[in-house]
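# Analysis of the macromolecular model
Below, each chain spelled out in residue letters.
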Number of protein chains: 2
Amino acid sequence: MSELISLGEGSGGRLTADLVASVIKNFAACDGQKGGCEDCTFIEGNLAVTTDGFTVSPRFFPGGDMGHLAVCGATNDLAVRGVRPQWLTLGMIIEEGLPRAELLRLVRSAARQCEVLGATLAAGDTKVVPHGACEGAFFNVTALGHAVTPRPLGMNRLRPGDALILSTTPGRHGAVIAALRYGLDRGGLESDCAALWPLLEPLLSLEGLRCMRDCTRGGLGTVLCEWAEAAGLGMEIEEERLAFHPSVAAICDILGFDPLYLASEGCALIACAPAETGNALARLRRHPLGRDAALIGTVTAEHAGLVGMKTRLGGSRIVDMPVGEILPRIC
Amino acid sequence: MSELISLGEGSGGRLTADLVASVIKNFAACDGQKGGCEDCTFIEGNLAVTTDGFTVSPRFFPGGDMGHLAVCGATNDLAVRGVRPQWLTLGMIIEEGLPRAELLRLVRSAARQCEVLGATLAAGDTKVVPHGACEGAFFNVTALGHAVTPRPLGMNRLRPGDALILSTTPGRHGAVIAALRYGLDRGGLESDCAALWPLLEPLLSLEGLRCMRDCTRGGLGTVLCEWAEAAGLGMEIEEERLAFHPSVAAICDILGFDPLYLASEGCALIACAPAETGNALARLRRHPLGRDAALIGTVTAEHAGLVGMKTRLGGSRIVDMPVGEILPRIC
């Protein structure tokens, strides 16, 4: 590892995993390490906690803003574990000179998402730093809640033959941020940024539900790689079943990005027993956020630890964990 | 209020209270508002949560560093409510180019304080932002734990005649940061930055214990003003009983600061029934952090809502809530 922290270590890929490991190993008895690296930790009974920092640039984007994103991003980490988001804390670091109206717009967006979730702001903190010491504002949200899933969910439940279902078309958040950052036409594309709990809750009663994950930093590709590694199984997806929004595809073509690694903030990957595929898809499609839910692949016993993609042309390619940075500060 | 956020709004005084109020009012049913503005919130039974951001500059100072401070600062907010710090989350925003060794030093300091407390890191998050987007690193710590106090503590328990006890000499953290910032001789002074739980836990069995608060941003003066306002009682302290470290006094003289408003990070104000004063002082003095504990004043029925100080010369002055900024980024 280099002596200086690099931007790529914030991307959500391999370098981020290494950075996080170098931090965690200093703490004794870290519960977060048990059971691989899921996005939230059960601290006591079925009470779970997760924390997330938000530095997205720009702070306002079509489909959301940093306040909206902060509540969705943090609570989605609970939702995918079958945990109802009930309380959250909001820490704000604000640059001197930030327009007050802008701060309050962000705060109101956060409050609106709390209302959607029926979650309560339990604690908050504000720090103001001198002009130049932080770029506008950074938020931190810690979210808490009780699991309501009748059975635990996690990567260790994955079985060969499981269906891999995507709740919506991926990569829209990353593509919108990229378009804004590089001054590209986004063709009406909006971020998919959304609170996933209302979409995912109806899946929890499915007996064959195994594991869910929101495809944030590092995108769908990274989630698949983490699942393959943690479960010691193969993940096989089919390019033909992966529907990207035309603008996501266009923005990626221009910038040379692989859309598999572009962040979504309102899209979940779901694994369930094959017999439940139809049920899961039907329940997802009943909710506006899941209208485009699709079966995209299968968990396999072969190619343990690897992710493969059948291409449209009938070939096959390995989907690797990205090492460094595609697009900084998407969340 | 001005259209732009000002540095003074981060000071912990009146402007911070206004900023926080403007944020909180957007959230429905915020538990944090119940029972005034204590530093942590009970979310369920005796489970409490608090959150705190850390932007201290410089990050390393005699007596501590930002990692040490982050764990102490957040968990002290629990300790003063009689809550044992059990779990915490650590969110890190890191500037590209920060020396890795420096980050790991901060992380190890945080881990060491977790060990002192027997607290577990439950969740973490890292974000890396481009060079210039944040100054070095900012931490956020959310801390959780169960109250072990046999009776609730809070400003609403304050009664006329209660003793006001200070656990150590105040203002050392703020004075050290000020000395470093302005290039002054600190005469061997170290920050008082410390985890207060081990010091305060033995007080919890005292029947007459009313209320405790750590004297962070805004210092002892701000805590006294908040208590007076929230309880609708007077607070009377005696200058003669307030022992400032000679270097704190000297640094304040040079800079024109009032040491009453300088931050401490390991000093608690404690109110208890007058009959328990001796017991409380004895228990505090048994711990190294409380060796210099002292009775500094009394809660009064007169002068409701105001803080008065009897001066050494026999006069009397009002201690006002500070409006704006004394020293930015002390925590």
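Quick caveat: nothing in here was measured; it's all calculated off a predicted structure.

Residues and elements named next belong to chain B. Running from N to C, helix α4 (residues 172-182) and helix α7 (residues 246-255) cross one another at 50°; their axes reach a closest spacing of 9 Å. By the angle between their axes, α4 is oblique relative to α7. As for the relative orientation of α4 and α7, their crossing is left-handed in sense. Here α4 contributes Arg172, Ala175, Ala178, Ala179 and Tyr182 to the contact with α7, which in turn contributes Val248, Ile251 and Leu255. Classifying every residue of the contact of α4 with α7 by side-chain character gives seven nonpolar, no polar and one charged.

Right, let's get into helix α2 (residues 66-79) of chain B. Residues and elements named next belong to chain B. For α2, spanning 14 residues, the distance from its first C-alpha to its last is 19 Å, which sits close to the expected 20 Å at 1.5 Å a residue. Counting buried positions along α2 gives 14 out of 14 residues, so the element sits mostly inside the fold. For α2, the N-terminal cap is aspartate 65; the gap from its side-chain oxygen to the backbone nitrogen of glycine 67 is 2.9 Å.

After a rotation of 180° and a shift along the axis of 0.0 Å, chain A superposes on chain B with an RMSD of 0.0 Å. Such values leave the two copies arranged in the relation of a two-fold axis. Every residue of chain A has its C-alpha some distance from the rotation axis, and the shortest such distance is that of A:Cys134, at 2.1 Å. Mapped onto chain B, 100% of the interface residues of chain A are again interface residues, and the two copies thus contact each other with one and the same surface.

With that settled, the discussion passes to the UniProt feature "domain: PurM-like C-terminal" (unreviewed entry) in chain A. UniProt's feature table lists "domain: PurM-like C-terminal" (unreviewed entry) at residues 159-303 of chain A, given in the numbering used throughout. In this annotation, residues 159-303 of chain A is assigned 32% helix and 19% strand; the end-to-end C-alpha distance for the span is 13 Å.

In this section: the sheet that holds strand β7 (residues 137-147) of chain A. Hydrogen bonds between backbone atoms are what pair the strands of a sheet, whose relative direction is either parallel or antiparallel. All names here are of chain A. Spatially, five strands are ordered β1-β2-β7-β5-β6 in an open sheet, and the strand pairing comes out mixed. Both outer strands of the open sheet, β1 (41-44) and β6 (120-129), are each paired with one neighbouring strand and no more. The average undirected angle you get between the axes of adjacent strands in this sheet is 25°. The strands that helix α3 (residues 100-117) touches are β5 (83-95) and β7; relative to β5, the one it contacts most, it runs at about 175°.

Our next topic: the packing of aromatic side chains. One pass over the structure, following the stated rule, counts one aromatic pair over all chains. Relative to B:Phe138, the ring of A:Phe138 has its centre 6.4 Å away and its plane inclined at 50°; by these criteria the two rings are tilted. On the criterion of chain membership, the pair formed by A:Phe138 in strand β7 and B:Phe138 in strand β7 (residues 137-147) is interchain, its members lying in two chains. Comparing A:Phe138 with B:Phe138, the two get one shared label, buried. The ring of B:Phe54 is capped by A:Lys127, whose NZ or CZ atom sits 5.9 Å from the centre of that ring.

Right, let's talk about the environment of A:Phe42 for a bit. Residues and elements named next belong to chain A. In this structure, phenylalanine 42 sits in strand β1. Taking the relative accessible area as the measure of exposure, phenylalanine 42 reaches 29% and is therefore partly exposed. Taking the C-alpha atoms as reference points, phenylalanine 42 and alanine 119, separated by 77 residues in sequence, lie 18 Å from one another.

Attention shifts here to the sheet that holds β7(B). Residue and element names in this part refer to chain B. Here five strands make up an open sheet; going across it, the order is β1-β2-β7-β5-β6 and the pairing mixed. At either margin of the open sheet sits one strand with a lone partner, and together these are β1 (41-44) and β6 (120-129). With strand direction ignored, the average angle separating the axes of adjacent strands in the sheet is 25°. Bridge count for β1 against strand β2 (residues 47-54) is three bridges, and the pairing is antiparallel. Bridging across to β2, phenylalanine 42 finds its partner in alanine 48. In this fold helix α3 (residues 100-117) packs onto β5 (83-95) and β7, with an angle of close to 175° to the strand it touches most, β5.

Residues annotated in UniProt with the feature "domain: PurM-like N-terminal" (unreviewed entry) correspond here to residues 39-146 of chain A. With 30% helix and 45% strand, residues 39-146 of chain A has end C-alpha atoms that lie 15 Å from one another.

This brings us to the domain arrangement of chain A. All names here are of chain A. Examined at the domain level, chain A breaks down into domain 1 (32-147) and domain 2 (155-318). Between the C-alpha centres of domain 1 and domain 2 the distance comes to 23 Å. If you look at the interface, domain 1 gives 24 residues, while domain 2 gives 23 residues. Interface area for domain 1 against domain 2, summed over the two sides, is near 2100 Å², with a carbon-plus-sulfur share of 61%. Remark: the boundary between domain 1 and domain 2 carries one salt bridge. The salt bridge partner of arginine 84 is glutamate 201, with a shortest N-O separation of 3.2 Å. Counting across the interface, domain 1 meets domain 2 through seven residue pairs in polar contact (both at pLDDT 80 or more). Elements supplying a minimum of two residues to the side of domain 1 that touches domain 2: β3 (60-61), α2 (66-79), β5 and α3.

Another point: the interface of chain A and chain B. Interfaces are frequently sized by the accessible area removed from exposure as the parts join. Between chain A and chain B, the residue contacts involve 74 residues of the former and 74 residues of the latter. Between chain A and chain B the total buried area reaches about 6300 Å² when both faces are included, carbon and sulfur atoms providing 66% of it. It is A:Ile5, A:Phe27 and A:Arg100 that lose the most area in chain A upon contact with chain B, and together they represent 13% of the buried surface on that side. At the surface where chain A touches chain B, the tally comes to six salt bridges. With its nearest N and O atoms 3.2 Å apart, the salt bridge here joins B:Lys127 to A:Asp52.

Next up on the list: unusual backbone geometry. Residues and elements named next belong to chain A. Going from serine 57 to proline 58, the amide bond is cis rather than trans, its omega being 0°. Here proline 58 lies in the loop between β2 (47-54) and β3. Despite not being glycine, arginine 329 shows a phi value in the positive range, around 55°. Structurally, the position occupied by arginine 329 is in the segment after β14 (316-318).

Residue and element names in this part refer to chain A. As for its position among the elements, asparagine 140 is in strand β7. Among the polar contacts made by the side chain of asparagine 140, one reaches the side chain of threonine 51 at a distance of 3.3 Å. Reaching out from asparagine 140, the side chain makes a polar contact with the side chain of threonine 142 at a distance of 3.5 Å.

Let us look at the side chain of A:Asp77. Along the chain, A:Asp77 falls in helix α2. One buried charged residue, A:Asp77, remains without a salt bridge, the closest side chain of opposite sign being A:Arg213 at 7.0 Å.

Attention now moves to the pairing of strand β13 (residues 307-310) of chain B. Residues and elements named next belong to chain B. Bridge count for strand β10 (residues 234-238) against β13 is four bridges, and the pairing is parallel. Following the sheet pairing, glutamate 236 is matched in β13 by glycine 308. Relative to strand β14 (residues 316-318), β13 is paired through three bridges, and the arrangement is antiparallel. Residue lysine 310 lies in a different strand from β14, and its bridge partner there is serine 316. The hairpin turn running from β13 into β14, its antiparallel successor, is five residues long, and glycine 314 in that turn takes a positive phi close to 95°.

Definitions and cut-offs
Residues numbered from 1 in each chain as written. Chains lettered and ligands numbered in written order. Predicted model: local features only at pLDDT ≥ 70, side-chain atom pairs only at ≥ 80, totals over all residues. Heavy atoms only, no water. Axes fitted to C-alpha atoms, helices over the stretch in contact; angles between N-to-C directions. Helix = DSSP H or I, 4+ residues; strand = E, 2+ residues; numbered from the N terminus. Parallel < 35°, antiparallel > 145°, perpendicular 65-115°, else oblique. Left-handed = near helix turned anticlockwise from the far one by under 90°. Contact = heavy atoms within 4.5 Å. Nonpolar A, V, L, I, M, F, W, Y, C, P; charged D, E, K, R; others polar. Expected span 1.5 Å × (residues − 1). Buried < 20%, exposed > 50% of the residue type's maximum accessible area, 1.4 Å probe, protein only. Polar contact = N/O pair within 3.5 Å; in protein donor to acceptor, adjacent residues only side chain to side chain. Least-squares fit on C-alpha atoms with pLDDT ≥ 70 in both. UniProt positions renumbered as here; feature names shortened; annotations may be inferred. Pairing = 2+ DSSP bridges. Phe/Tyr/Trp six-rings, centres within 6.5 Å; stacked < 30°, edge-to-face > 60°. Lys NZ or Arg CZ within 6 Å of the ring centre and 35° of its normal. Domains from an automatic or database assignment. Buried area = accessible area lost by both parts, 1.4 Å probe. Salt bridge = Lys/Arg side-chain N within 4 Å of Asp/Glu carboxyl O. Lys, Arg positive; Asp, Glu negative; His and termini not counted.

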